[in-house]
Amino acid sequence: MKLRKKLTQFCMMIVLAAIILSACSKSGNTNNEPDTTNSTVGTETGEDPVSPAGQLPITKEKTTIRVMVPANSVVEDFATNEFTKYLEEKTNIHIEWDVIPSTSAAEKLNLVMSSGEDLPDVIMGFGVSSAQQMIYGSQGVILPLNSMIDKYGFETKKMFEQMPVVKDTITSPDGNIYALPHTNECFHCTLPRRMWIYQPWLDKLGLAMPTTTDEYYEVLKAFKENDPNGNGKADEIPMSGSPTGFYASIDSFLMNAFIYNPGGDRLYLQEGKVVVPFDKPEWREGLRFLNKLYEEKLLDPQALTQDENQLKQLGENPDIAILGATSGMHMGVFSEFYGASNRWLEYKTIPPLKGPNGVQIAPFEAYHLVGGGSYLITKSSKHPEAAFRLADYLYNEEVTLRSVIGRPGTEWVKAEEGEVGINGKPAVWKQIADWGQVQNFNWGQTGPSLRTNDLRLGEVANPDKPLEIVMYEEAKTKYEPYKQELENVLPPLFFTNDQAIEIADMSKTINDYVNEMIARFVIGDADLDKDWDVYLDNLQNMRLENYLSIYQDVFDSKYK
């Protein structure tokens, strides 16, 4: 008993000493604002866990946050990346990276969020949908950011003031903001579903740029049969693509010669009614055209399975070109910007093709400005304030240029007086190095950034660095004249928790099935005549009508 009593007294003395030392350690602190989240940093001392809004470094002591991110084909290594090092130097935050292969990124995202296990501090660059945000936000898997925006949102608040649509778009019906966006006022990005063709082959064979699906077919046939690369081998690939490449799926561009195909979940408005294209006869006719290309070996079989890196290997085939055409938002999807071959400049866009019934559409992504679900903080974060402050810092103009372009003085400089931007106004900045190859000094557009039209089109119009000039002019001259009417574009929607759960399940089931059947119908594993009705019945069994009715109700509640 005496021994136990002495041990108890000894333990009490240790606890008392710890309390006294803790009090001494905070006696010099002048910022004793209470902690507002579940952070463990500063909770014992009452100190604010991060510096005041807009001030650097973000934390006094080196702080580590774990960030899960999908692999980026132009980023060599996020861990050793120079922009990552720059951020750590400026903010005192060390990032521990969990990089997920792009081919399994969606699966991994669903797994960690649904299980709630092995959650990182931050989920970045996955484009987490509004439905997923509502589900996992209401379950507490991801944290609401409102209070942190109010207290620490230095750059975020400026973004909201400059572009109020951003805040409106990312605010859920329960009033919470669960994810920060990447904000990108990019003109050419509003018309992203393009087809690129190798112009030297057209020139060599004396062919005009195709304007209809029939002409496109004839061009691909000529590419296959007439040895346009001149090596005496039948090694030309008339058309390829990638289901995981940036707007590079085989239906992304071509289906718009048959029926409006907006991509994504393929939802759009028709006279105020939410519809999809893939249950309509015109969709079947588009698949029939793709099947014809496949059967005649004009469409690369690998286009249905290969990833973006494999597609780029085709575009950058050593010594000689072998790729005739592919869909993709830009040339970097299938070639190297400013690469050794410089082949990217030899591909030109095909304007929207006119189909057999006169359909000729350039899908219009009117709400592209806000890339939702770019940066989420999870319940497992030990340092949520630090994680938020890091994201907020990424909206700073110079930091955005570093994140997307690279190092000032090496990849870009501020514009000089008298220099003119792509938009004809006084320029803001000038690119001085090549962009788009695999590199280790920027994040390749991963994560939050703030690129306004003034910043994007404020780049010096430099013919020696023509990428943005080409993208602007191709979109302006070839695609804008055919852009889909705004009234057909479904705006971003948020759902209640129950709706979000139902939508998430049905969306995955339906879209996985549609993508599977695109491949099966194209390769002939399913027959477009014999199996079409079965396909439609399966869609109804997957509750397609209910899926559309939920979207309709949410759309009507906000816009009617």
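Structure shown above.
Rules used in this analysis
Residues numbered from 1 in each chain as written. Predicted model: local features only at pLDDT ≥ 70, side-chain atom pairs only at ≥ 80, totals over all residues. Heavy atoms only, no water. Axes fitted to C-alpha atoms, helices over the stretch in contact; angles between N-to-C directions. Helix = DSSP H or I, 4+ residues; strand = E, 2+ residues; numbered from the N terminus. Parallel < 35°, antiparallel > 145°, perpendicular 65-115°, else oblique. Left-handed = near helix turned anticlockwise from the far one by under 90°. Contact = heavy atoms within 4.5 Å. Phe/Tyr/Trp six-rings, centres within 6.5 Å; stacked < 30°, edge-to-face > 60°. Buried < 20%, exposed > 50% of the residue type's maximum accessible area, 1.4 Å probe, protein only. Pairing = 2+ DSSP bridges. Core = buried A, V, L, I, M, F, W, Y, C linked by side-chain atoms within 4.5 Å. Lys, Arg positive; Asp, Glu negative; His and termini not counted. Salt bridge = Lys/Arg side-chain N within 4 Å of Asp/Glu carboxyl O. Polar contact = N/O pair within 3.5 Å; in protein donor to acceptor, adjacent residues only side chain to side chain.

Quick notes on the packing of helix H9 (residues 213–225) against helix H11 (residues 281–295)
Contact geometry of H9 with H11 gives a least axis separation of 11 Å together with a crossing angle of 15 degrees. For the element pair H9 / H11, the angle class is roughly parallel. Note that H9 runs across H11; the crossing there is right-handed. The residues of H11 that touch H9, namely those facing Thr 213, Tyr 216, Tyr 217 and Leu 220, are Phe 289, Lys 292 and Leu 293.

Section: the packing of aromatic side chains
Both the distance between ring centres and the angle between the ring planes are used here to describe each pair of aromatic rings. Within the structure shown, the criterion is met by 24 aromatic pairs. Ring centres of Phe 278 and Trp 283 lie 6.5 Å apart, and the angle between their planes is 75 degrees; this geometry places the pair in the edge-to-face category. On the basis of relative accessibility, which here comes to 0%, the residue Trp 283 falls in the buried class. The interplanar angle of 45 degrees and the centroid separation of 5.8 Å between the aromatic rings of Phe 521 and Trp 532 together place this pair among those described as tilted. Taken together, the residues span a long stretch of sequence, with Phe 521 in helix H17 (residues 497–523) and Trp 532 in helix H18 (residues 532–541) at a distance of 11 residues. As far as burial versus exposure is concerned, Phe 521 and Trp 532 are alike and both buried. Linked through ring pairs, Trp 196, Tyr 198, Trp 201, Phe 223, Phe 334 and Tyr 347 together constitute an aromatic cluster.

Topic: unusual backbone geometry
In this chain, Leu 56 is followed by Pro 57 through a cis amide linkage whose omega measures -5 degrees. By secondary structure assignment, the location of Pro 57 is in the loop between helix H1 (2–25) and strand S1 (63–70). Of note in the backbone geometry, Tyr 338 takes a positive phi value of approximately 55 degrees without being a glycine. With respect to the helices, strands and loops of the structure, Tyr 338 is situated in the loop between strand S9 (323–327) and strand S10 (347–350). Since its relative accessible area comes to 10%, Tyr 338 is described here as buried. Positioned with a positive phi, Gln 445 is a non-glycine residue whose angle comes to about 70 degrees. Examined against the element boundaries, Gln 445 turns out to sit in the loop between strand S13 (429–431) and strand S14 (450–451).

A word on the sheet that holds strand S11 (residues 370–377)
Read from one edge to the other, the open sheet built from six strands follows the order S2-S1-S3-S11-S4-S14, with strand pairing classed as mixed. Whereas interior strands pair on both sides, the edge strands pair on one side only; in this sheet they are strand S2 (93–100) and S14. Across eight bridges, the pairing between S1 and S2 is parallel. Looking at S2, one finds that Thr 64 is bridged to His 94. Contacting S1, S2 and strand S3 (122–124), helix H3 (residues 105–115) crosses the sheet at an angle of about 130 degrees to S1.

Some remarks on the nonpolar core
Nonpolar side chains in soluble globular proteins tend to end up buried together. Within the largest apolar cluster, 114 residues are counted, with the highest numbers of intra-cluster contacts made by Tyr 216, Leu 254, Leu 293 and Tyr 535. In terms of residue count, H17 provides more of this core than any other element does, 10 residues in total. With residues near it in sequence (within four places) discarded, Leu 254 still touches Met 195, Tyr 216, Met 239, Phe 289, Leu 290, Leu 293 and Leu 353. Core analysis: the second largest hydrophobic core is formed by 43 residues, Val 122, Phe 160, Leu 180 and Leu 390 among them.

What to know about the side chain of Asp 121
Relative to the helices and strands, Asp 121 is located in the loop between H3 and S3. Lys 382 provides the closest opposite charge to the buried, salt-bridge-free Asp 121, at an N-O distance of 6.3 Å. Side-chain polar atoms of Asp 121 contact the backbone nitrogen of Lys 382, separated by 3.3 Å. Dropping the residues within four chain positions of it, Asp 121 is found in contact with Ile 65, Arg 66, Leu 376, Ile 377, Thr 378, Ser 380, Ser 381 and Lys 382.

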